[in-house]
Amino acid sequence: VSQEIDPSEFRRVLGHLPTGVTVISAFAPEETGMAVNSFISVSLSPPLVLFCPAKSSTTWPRIRDAGGFCVSILAEHHEEVSRAFALRDADRFAGLPWHRRATGPALDEAVGWIDCSVREEHPAGDHTIVVAAVEEMAVADGVAPLVFVRGRYGAVHHPGDGRP
Ligand SMILES: Cc1cc2nc3c(=O)[nH]c(=O)nc-3n(C[C@H](O)[C@H](O)[C@H](O)COP(=O)(O)O)c2cc1C
């Protein structure tokens, strides 16, 4: 029997686990995307990934209807992009350079891009676990990824990384 967990305490404790930040996007049919830090790899063979959209998300149903999505792994200079892709009623792609990939609009200056097709959806409390198959991928070597931890943004650098 678990004790009552306070939502702000849940956020505070789980927020100590650093994650990357992605923009998950599709053509629905116009450019559509949302900031996501629940994206993670699941299986190597077959190649599967997952992310967890909130049940309240208005963007996820539109991406689901597209059948697939493009994951842009955000770079360290993308803090404002991450914030912008979480704002409602904003033109999230405005002024942002992007290019067309098989599954959606990909941010030009991202660290990497993963084209996915939706395979399974599992209800999980106030979120949904979306399992997707990886169809194609690419990476820009030497670009430090954006890191999200304790409600703040940072980066981890390795020798040889370029600076934005
Ligand atoms: C760093 C960061 C990580 C986020 N991760 C998630 C996530 O994993 N799942 C989710 O549903 N929303 C996540 N959000 C919030 C969504 O981006 C935001 O609520 C959503 O795009 C706005 O609502 P909409 O889906 O109706 O467009 C995150 C936001 C930020 C800034």
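See the structure above.
Anyway, here's the lowdown on the structure attached to this text. Note that this is a predicted model, so its numbers are computed, not measured. (Residues numbered from 1 in each chain as written. Predicted model: local features only at pLDDT ≥ 70, side-chain atom pairs only at ≥ 80, totals over all residues. Heavy atoms only, no water.)

Moving on, we come to the nonpolar core. Proteins that are soluble and globular tend to have nonpolar side chains buried together. The biggest cluster of nonpolar side chains holds 16 residues, and the ones touching the most others in it are I24, F39, F51, F69, V71 and C116. Broken down by secondary-structure element, the contributors of at least two residues to this core are β2 (22-27), β3 (31-36), β5 (48-51), α2 (59-66), β6 (68-73), β9 (112-124) and β10 (127-139). The greatest single-element share of this core, amounting to three residues, is contributed by β10. The contact partners of I24, leaving out residues within four places of it in the chain, are T32, G33, M34, V36, F39, F51, I63, F69, C70 and V71. In terms of nonpolar packing, the next biggest core, distinct from the first, is built from 13 residues, V21, C70, L74 and W113 among them. (Core = buried A, V, L, I, M, F, W, Y, C linked by side-chain atoms within 4.5 Å. Buried < 20%, exposed > 50% of the residue type's maximum accessible area, 1.4 Å probe, protein only. Helix = DSSP H or I, 4+ residues; strand = E, 2+ residues; numbered from the N terminus. Contact = heavy atoms within 4.5 Å.)

Scanning all chains against the criterion turns up seven salt bridges. Of the charged contacts in the structure, one is a salt bridge between E121 and R64, with a shortest N-O distance of 2.9 Å. Separated by 57 residues along the polypeptide, E121 in strand β9 and R64 in helix α2 bring together distant segments of the chain. For E121, a relative accessible area of 34% puts it in the partly exposed group. For R101, the salt bridge is made with D115, and the minimal N-O distance between the two is 2.8 Å. One end of the pair, R101, is in the loop between β7 (98-100) and β8 (105-107); the other, D115, is in strand β9, and 14 residues separate them in sequence. Looking at R101, the relative accessible area reads 17%, which means it is buried. You can call D115 buried: its relative accessible area is 1%. Bridged by salt links that share partners, the residues E79, E80 and R83 form one connected network. (Salt bridge = Lys/Arg side-chain N within 4 Å of Asp/Glu carboxyl O.)

These values are about where atoms sit, not about what they do.
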